[in-house]
Amino acid sequence: MRKMLAAVSRVLSGASQKSASRVLVASRNFANDATFEIKKCDLHRLEEGPPVTTVLTREDGLKYYRMMQTVRRMELKADQLYKQKIIRGFCHLCDGQFLLPLTQEACCVGLEAGINPTDHLITAYRAHGFTFTRGLSVREILAELTGRKGGCAKGKGGSMHMYAKNFYGGNGIVGAQVPLGAGIALACKYNGKDEVCLTLYGDGAANQGQIFEAYNMAALWKLPCIFICENNRYGMGTSVERAAASTDYYKRGDFIPGLRVDGMDILCVREATRFAAAYCRSGKGPILMELQTYRYHGHSMSDPGVSYRTREEIQEVRSKSDPIMLLKDRMVNSNLASVEELKEIDVEVRKEIEDAAQFATADPEPPLEELGYHIYSSDPPFEVRGANQWIKFKSVS
Amino acid sequence: MAAVSGLVRRPLREVTVRDAINQGMDEELERDEKVFLLGEEVAQYDGAYKVSRGLWKKYGDKRIIDTPISEMGFAGIAVGAAMAGLRPICEFMTFNFSMQAIDQVINSAAKTYYMSGGLQSVPIVFRGPNGASAGVAAQHSQCFAAWYGHCPGLKVVSPWNSEDAKGLIKSAIRDNNPVVVLENELMYGVPFEFPPEAQSKDFLIPIGKAKIERQGTHITVVSHSRPVGHCLEAAAVLSKEGVECEVINMRTIRPMDMETIEASVMKTNHLVTVEGGWPQFGVGAEICARIMEGPAFNFLDAPAVRVTGADVPMPYAKILEDNSIPQVKDIIFAIKKTLNI
């Protein structure tokens, strides 16, 4: 009885302590918004660029912070699961390796902040962050990575093939997504609803011929396509200087106007995106944005990332330009949020990721009977051949 | 007098394959405003082979789009447009040029519905002339039936006559999947009788169903595209010698209608396949393999035989070119060998 009373009183005092600090936070007067200076963009064939100051509301700031932390933590978790061999194959995390977006969070969150949910987005294989910002849950993303039936593609696609409304993946062939994006932009123009398509590719892909074909047709037909080159300075193990005769990616569209943006600053990315989207919506045709970012880890999990650059280089970038730290400092210093508040978000995000990882590890694999499903759309069921003529799978649309 | 004139039949309308495809596309463009056509010279030039004649005049720049010479780029654009909900018809001036774009056809179009777990469909048609023409040499004469027929997620059709051409292009456009339509340049100008049902705006030929063009009892001859006509010529010659061939027009390469072929072989006990493409890993090779796996094998009285294009890049000189594709005499020879006569 005594033990029980002691336990109960501990819980109660703990609860009241917590609510006390909550009361403290709530009673603090935060600013509603703050104005920040952002880096000026380099311009190509443009008289004016995005504004050099921007207003960040407390609400938006908290939202961006949470989203960026979620993307980062999700990718770190994916990294962990890959090392535990629970995730197989390619894992390209936004920070490199598993194509993780660590440091590229500012890109996916910033781009999303600059467009509407009714706009469209397509990217290459480093896609987990965008899959989240375009509306899918961490649960279904991680479960797709672990190849379970609760995955967003029911385990059929994996890391590189996740789709959502107005999000067209997730594409495995370097550069192929760029003409696709121009095609989505063509559909936007055809439908006449003032929507735009963000078409992303990396510095490595920027040398693909089909991208120049897409530039040409997009400009010719004035397609509302925002070409976006995420320049993280390395195409796998090849630095940009060793791959491109011109590393001014924002100029490579030639007749297409371009801007070079600080991809580590989410506010810079947001303003540039707003600017680019307005340009496209006005019917002037395509525009090109180069987002300068950095990739902490290697190209993918099999690449330690140090055979072609120095650890000092990686450390330097990490300490000076981390996009989440940048946002956090700004918000705290302008009284948009408190350190405690942001820490709480960290805790919540961590829990969300843990729960999602649990699900992704525990969910069963897709049933073998469904191996043949989804060959054709809108068709009556038919038979698909297995490894020999006696093994047949049913195919359902 | 009145009785006799009552017996005089009005001739059935004759329509060329070219006009049949044109009609099919016109009707589908009219029916659904999401349908549009893009490719090189399809608009202002009326089509490199005049297949899209009149369409740009009728529908304008928005629906009939001339592209620069950028197969990989415009095929990708077409696939993207399909992903976003439009229904593009992407023309390759010939399928030889589709090789530049084949990654978009296979990796972006064919596989996407599967990879997305059924979320993202790609309702696109890739069409154009396929296979040998006349005197255009090796780089312009390849048959891609086996290449595209290899891939799950694609549908592949190969019309022979006008009825096929119209019914299949319409079905392809209405299909929510990527469909490759392998036309034939030498057939474009050939007129065929157009049955009354083919004149309807809702005339469709189901994808995945073969047609028995000629009934017979002694041997099954299976073919697709232009060679179907040669098979019918061979059958006419052999009929005079008392051999009745059953000629099957595949119409669809993938999904292949094995049921019709098997039922026929079980009736005739003999099989010859005829195609324009190369022998190795070809359409005939697939048919023979499947015959062995199915009920028809036990009904064969002789090994199944293939008639194909010669296993060489298409030569230019007429005598060499003529002997690099299956001729009527080659089909007759193969049939007689199979029947041991």
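None of these values were measured; they are calculated from a predicted model. Residue positions within a chain follow its written sequence, with the count starting from 1. Ligands are numbered from 1 and chains lettered from A, in the order in which they are written. Where local features are concerned, this predicted model is filtered to residues with pLDDT of at least 70; where side-chain atom pairs are given and counted, the filter is 80 or more; whole-chain, interface and lining totals use all residues. Side-chain measures here rest on the full set of heavy atoms in the structure, leaving out hydrogens and waters.

### A look at the confidence of the model for chain B
Part 1: The predicted model of chain B has a mean per-residue pLDDT of 96, with 96% of residues at 70 or higher.
Part 2: pLDDT expresses how confident the predictor is about each individual residue, on a scale running from 0 to 100. Only heavy atoms matter for contacts: two residues are in contact if any of them lie within 4.5 Å across the pair. Across residues 1-5 of chain B, where pLDDT falls below 50, the model places zero contacts with residues more than four positions away in sequence or in other chains.

### Some words on the layout of surface pockets
Part 1: Here a cavity denotes grid points, spaced 1 Å and computed from the protein atoms alone, that fit a 1.4 Å probe unable to get out, and a pocket denotes an open set having protein on both sides within 12 Å along at least 5 of 7 lines; residues with an atom within 4 Å of a point are the lining. Grid points are joined across faces, edges and corners, and a volume is the space filled by probe spheres set on the points. Each pocket or cavity is described by its volume, and for the largest pocket that value is around 1,800 Å³.
Part 2: What counts as a helix is a DSSP run of H or I of at least four residues, what counts as a strand is a run of E of at least two, and both are numbered from the N terminus. Going through the elements one at a time, β11 (382-385) of chain A together with α7 (145-149), β12 (252-254), α10 (258-268) and α11 (283-293) of chain B are the ones with two or more residues in the lining of the largest pocket.
Part 3: For the lining of the largest pocket, the element with the highest residue contribution is α11 of chain B, accounting for five residues.
Part 4: Tallied by class, the residues present in the lining of the largest pocket amount to 21 nonpolar, ten polar and 15 charged.
Part 5: Built from parts of two domains, the lining of the largest pocket gets at least three residues from each of domain 1 (14-199) and domain 2 (211-339) of chain B.
Part 6: Taken as a whole, the second largest pocket holds about 430 Å³ of empty space.
Part 7: If you trace the second largest pocket, you find 20 residues lining it, with Arg88, Leu145, Gly147, Gly155 and Gly158 of chain A closest to the centre.
Part 8: Note that Gly is not counted as nonpolar here; it falls among the polar residues with everything else outside the nonpolar set of Ala, Val, Leu, Ile, Met, Phe, Trp, Tyr, Cys and Pro and the charged set of Asp, Glu, Lys and Arg. When grouped by side-chain class, the residues that make up the lining of the second largest pocket number six nonpolar, eight polar and six charged. Segment limits for the domains were obtained from an automatic or database-derived domain assignment.

### With respect to helix α2 (residues 58-83) of chain A
Part 1: An expected span of 1.5 Å times one less than the residue number is assigned to each helix. For α2 of chain A, built from 26 residues, the straight-helix expectation of 38 Å at 1.5 Å per residue is met to within 8% by its first-to-last C-alpha distance of 37 Å.
Part 2: Just downstream of α2 of chain A, Lys85 of chain A is the residue with a positive phi angle, here 65°.

### Remarks on the sheet that holds strand β6 (residues 155-157) of chain B
All names here are of chain B.
Part 1: By definition, two strands form a pair when at least two bridges between them are found by DSSP. Overall, mixed pairing links the seven strands, which are arranged β3-β2-β4-β5-β7-β6-β12 in an open sheet. Strands with a single pairing partner mark the edges of an open sheet, and in this sheet they are β3 (64-66) and β12. When strand polarity is set aside, the average angle formed by the axes of neighbouring strands in this sheet is 20°.
Part 2: Where β6 and β12 come together, two bridges link them in antiparallel fashion. Bridged to Val157 within β12 is Thr252. Axis angles are defined between N-to-C directions and span 0 to 180 degrees, where every axis is a line fitted to C-alpha atoms and, for a helix, only to the segment in contact.

### Structural notes on the domain arrangement of chain B
Residue and element names in this part refer to chain B.
Part 1: With domains assigned, chain B is organised as domain 1 (14-199) and domain 2 (211-339).
Part 2: For domain 1 and domain 2, the distance between their C-alpha centroids amounts to 26 Å.
Part 3: Opposite the 29 residues of domain 1 that make contact, domain 2 presents 25 residues.
Part 4: Carbon and sulfur atoms supply 59% of the area buried between domain 1 and domain 2, which totals about 2,100 Å² over both sides.
Part 5: Only one rule defines a salt bridge in this text: a Lys or Arg side-chain nitrogen within 4 Å of an Asp or Glu carboxyl oxygen. At the junction of domain 1 with domain 2, the criterion picks out two salt bridges. A 1.4 Å probe defines the accessible area here, and the buried area is the portion of it lost by two parts on being joined, summed over both.

### Comments concerning the packing of helix α9 (residues 227-240) of chain B against helix α13 (residues 328-339) of chain B
Two quantities define a packed helix pair, namely the angle between the axes and the distance from one axis to the other.
Residue and element names in this part refer to chain B.
Part 1: Contact pair α9 / α13: the axes reach a minimum separation of 9 Å and the direction vectors enclose 60°. Our classification of the angle between α9 and α13 gives oblique. Along this stretch, α9 crosses α13, giving a crossing that reads as right-handed. Mapping the contact onto sequence places His230, Cys231, Glu233, Ala234, Val237 and Leu238 in α9 and Val328, Ile331, Ile332, Ile335 and Lys336 in α13.
Part 2: Here the contact of α9 with α13 is composed, by residue class, of eight nonpolar, one polar and two charged. Note that the term roughly parallel is reserved for angles under 35 degrees, roughly antiparallel for angles over 145, roughly perpendicular for angles of 65 to 115, and oblique for everything else. Left-handed describes a crossing in which the near helix is turned anticlockwise from the far one by less than a right angle; the clockwise case is right-handed.

### Section: the interface of chain A and chain B
Part 1: With 36 residues of chain A in contact, the opposing surface of chain B contributes 46 residues.
Part 2: Both faces considered, chain A and chain B share a buried interface measuring about 3,500 Å² in area, 63% of it formed by carbon and sulfur atoms.
Part 3: Counting the surface chain A buries against chain B, the share from its top three residues, Tyr163, Tyr190 and Tyr376 of chain A, is 22%.
Part 4: Across the chain A-chain B interface, the total number found is two salt bridges.

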